[in-house]
Each structure stands twice: as structure tokens, then as C-alpha cells.
There are 2 protein chains.
Amino acid sequence: MRYEGPSADLDRTLMALADPIRRRILQRLAASEARVTDVAAEFSISLNSVSKHIRLLERARLIERNVSGRDHILRFRPEPLSEAQQWIAAQQSFWASRLQAIDDLLTAEDATSEIRPPKEKKRVRKA
Amino acid sequence: MRYEGPSADLDRTLMALADPIRRRILQRLAASEARVTDVAAEFSISLNSVSKHIRLLERARLIERNVSGRDHILRFRPEPLSEAQQWIAAQQSFWASRLQAIDDLLTAEDATSEIRPPKEKKRVRKA
DNA sequence: GCATCATTCATCCTTTTCGGTGAATTATGT
DNA sequence: ACATAATTCACCGAAAAGGATGAATGATGC
């Protein structure tokens, strides 16, 4: 029983991106649309295997399928990438803001200690 | 035998981010550093399980370990996130540039077809 | 010495992923 | 009718991931 977080979407997106072959398929489809058979041929894996990858990418809505006759035309959908990118950016900026907070704290300390700043007094070990 | 792409780093990063628990651990560590025991307690999973997650995150260099006495202080390292972000951005911009190219093409066509544009002549089916 | 933090190793379990095969099925193009 | 595109189903197998447990080890704090 795997814990399902609040955003199953992000889960599916990152799961789909985690596999190198799926990333290559995505890159291929970003260049131009293609049929399932084309993808299978270009990556020399069985049609059955491709179907599974396609299914995962489709579930993550990173691929759109357009049935045209007997061909299934696969198109790249970049939309879900935004959420992944935003999550990553959020962690980075969160971390950056923490650094800023620490910096502010130190600056404030420096400002307070205008009357003789006791440098090298951080991390005192048994003073 | 899994295919190892040209960037095993990106692989490890996205693999690490693919799991929701690891993402929560990362978020937690982005807020402030913590010990292994702390993480285990806060997410109520066994110390053994946490170790494995930490190992994966460490292998992806998303976490830095700093042994201080008997405590292992875990710190968030945002650096590897850049590569992941860049890959995603590349796909998005690649796709956007394709759209732009198509747009340019259509505009060029329109400009050329100033002398009577034969609309609906694409995808001719047995004329 | 003893408790604590953390790792590692050895198991075990279940589930998932990734790959394949083979056969059946549906729909379509020719 | 026949070939093609693609799916699905039923398998198989190997590997990895996630979780747990228990025991041992090492380093450290008290």
C-alpha cells in the first residue's frame, strides 16, 4: 500500500520522467508526432513494451493519442511539465529564502554588535 | 539489463524525485537540517527504511551528510535540481520553438499565397 | 558500562517495473 | 480476402523498490 500524496498528478509525471527510455520517447515526440510502430522501430523494443510506456506517459498526460484510421498518432503534451518544474523551483527558492533568512539574521546581529563586534565567536566549544 | 543513458545523474535525480516520500523528506530538509532519527520519527517509518531513502537521495546528491558526533546531520542540496529543471525546460522550449516554426511556416504560406490561396488542398485523398 | 544514533547485513515479503513471447482481437487500408 | 496497426490478455522472467524484522557493529554521549 503506497502512500498517495496530495498530488497524484505530480507523482505520475515524475514517475514517467524517471525512466530514460520514456524521456527519449518524449524527446522524440517533441520533435515531431509519430505512430506507435515508429517509436517501437526507432528504439528497437517490442510493440508490446512500447504500449506499456505509452500507457504510462498517457496516464501522466504527457502524451496525447489521436487515432487516425488504423494509426495512433502520438503527440507530446508539455503541460504537466509545469507542475514538476514548479515543484522543483519551489524547493530551490524555499532553500534560497532560508539562506536569505540566515543572511538577514547575521546582518542583524552585526548591526546590533556595532559596539565592538566579537568576531569568531560562533560555534563556541566549551568556551 | 537497463539501458544507461548518457546522463546517469539526471536519471538518479528524477528517480529520487519520483517517490512521494522522498519528495516529502526533501521538503522537510529544505526547511531545516535534521538527523536520520528525526526524519524516521516524523514520517513514522522504520530507521532501516529511512536509511535506504537517504542512500538514494545521497546517491543523487540531493542530500549531504555531515557526521557530527554520533549524529548524522542531513542537509538539502539543491544543485542537482538544476539539471532536471533544464531538461524539462528544454523539452518545453523545444516544443515551443516547433510551434513557432509551424507558425512561421503558415505565415510564410499566407504571404506567398497572396495570389489566390488554394485552401483545403493539404492531405489530398486520391485527388 | 550503558544508552543512543546510525549503519550494515541477512532475511523475508509484496508490489511494480521493464522486458520479452505468443495468441487473440478490433479496426482499417489496400 | 489479406496485411497492417495497435491493443489486450496471459504468461514468463529478472530486477528493483518499498517495507519490515532482527542482529550485529561502530562510534559517541553521558
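Everything that follows concerns the structure shown earlier in this document.
Quick caveat, the model's predicted, so the values are computed rather than measured. (Residues numbered from 1 in each chain as written. Chains lettered and ligands numbered in written order. Predicted model: local features only at pLDDT ≥ 70, side-chain atom pairs only at ≥ 80, totals over all residues. Heavy atoms only, no water.)

**Things to note about the overall build of chain A**
A tally of regular secondary structure across chain A gives five helices and three strands. Mapped from its N terminus to its C terminus, chain A presents α and β elements in the order α-α-β-α-α-β-β-α. Across chain A, every contact between residues at least 6 apart in sequence was considered, and the portion connecting residues at least 24 apart equals 51%. When the accessible area of chain A is evaluated, it comes to approximately 8,400 Å², of which 52% is carbon and sulfur surface. (Helix = DSSP H or I, 4+ residues; strand = E, 2+ residues; numbered from the N terminus. Contact = heavy atoms within 4.5 Å. Areas by Shrake-Rupley, 256 points an atom, 1.4 Å probe, with all protein chains shown as cover.)

**Considering the protein's contact with DNA strand C**
Near DNA strand C lie 23 residues; those nearest to it are Asn48 and His53 of chain A together with Thr37, Ser51 and Arg65 of chain B. Protein-proximal atoms of DNA strand C, defined as those within 4 Å of the protein, fall in sugar or phosphate at a share of 67%. A distance of 3.1 Å separates a phosphate oxygen of DNA strand C from a polar side-chain atom of serine 46 of chain A. Valine 36 of chain B is positioned such that a nitrogen or oxygen atom in its backbone is 3.4 Å from a phosphate oxygen of DNA strand C. (Near = heavy atom within 4 Å. Polar contact = N/O pair within 3.5 Å; in protein donor to acceptor, adjacent residues only side chain to side chain.)

**So, the protein's contact with DNA strand D**
In the vicinity of DNA strand D there are 24 residues, among which Thr37, Ser51 and Arg65 of chain A together with Asn48 and His53 of chain B approach most closely. At 2.4 Å from a phosphate oxygen of DNA strand D is found a side-chain nitrogen or oxygen belonging to serine 51 of chain A. Within the contact set of DNA strand D, a phosphate oxygen lies 2.5 Å away from a side-chain nitrogen or oxygen of histidine 53 of chain B. Those elements giving two or more residues to the surface near DNA strand D turn out to be α3 (36-42), α4 (47-59) and β3 (71-76) of chain A together with α2 (20-31) and α4 (47-59) of chain B. Ranked by residue count, the leading element in the surface near DNA strand D is α4 of chain B, at five residues. Across the surface near DNA strand D, the residue classes tally to six nonpolar, nine polar and nine charged. (Nonpolar A, V, L, I, M, F, W, Y, C, P; charged D, E, K, R; others polar.)

**Some thoughts on the pairing of strand β2 (residues 63-68) of chain B**
Residues and elements named next belong to chain B. Both β2 and strand β3 (residues 71-76) contribute to a ladder of six bridges, which runs antiparallel. Residue pairing across strands places asparagine 66 opposite isoleucine 73, the latter belonging to β3. Where β2 folds back onto β3 in an antiparallel hairpin, the turn is made up of two residues, including glycine 69, whose phi is positive at roughly 70°. (Pairing = 2+ DSSP bridges.)

**Overview of the sheet that holds strand β1 (residues 34-35) of chain B**
Residue and element names in this part refer to chain B. Ordered in space as β1-β3-β2, the three strands form an open sheet in which the pairing is antiparallel. Each end of this open sheet is capped by a strand with a single partner; those strands are β1 and β2. In terms of strand pairing, β1 meets β3 through two bridges, oriented antiparallel. When the bridges of β3 are listed, arginine 35 appears paired with isoleucine 73.

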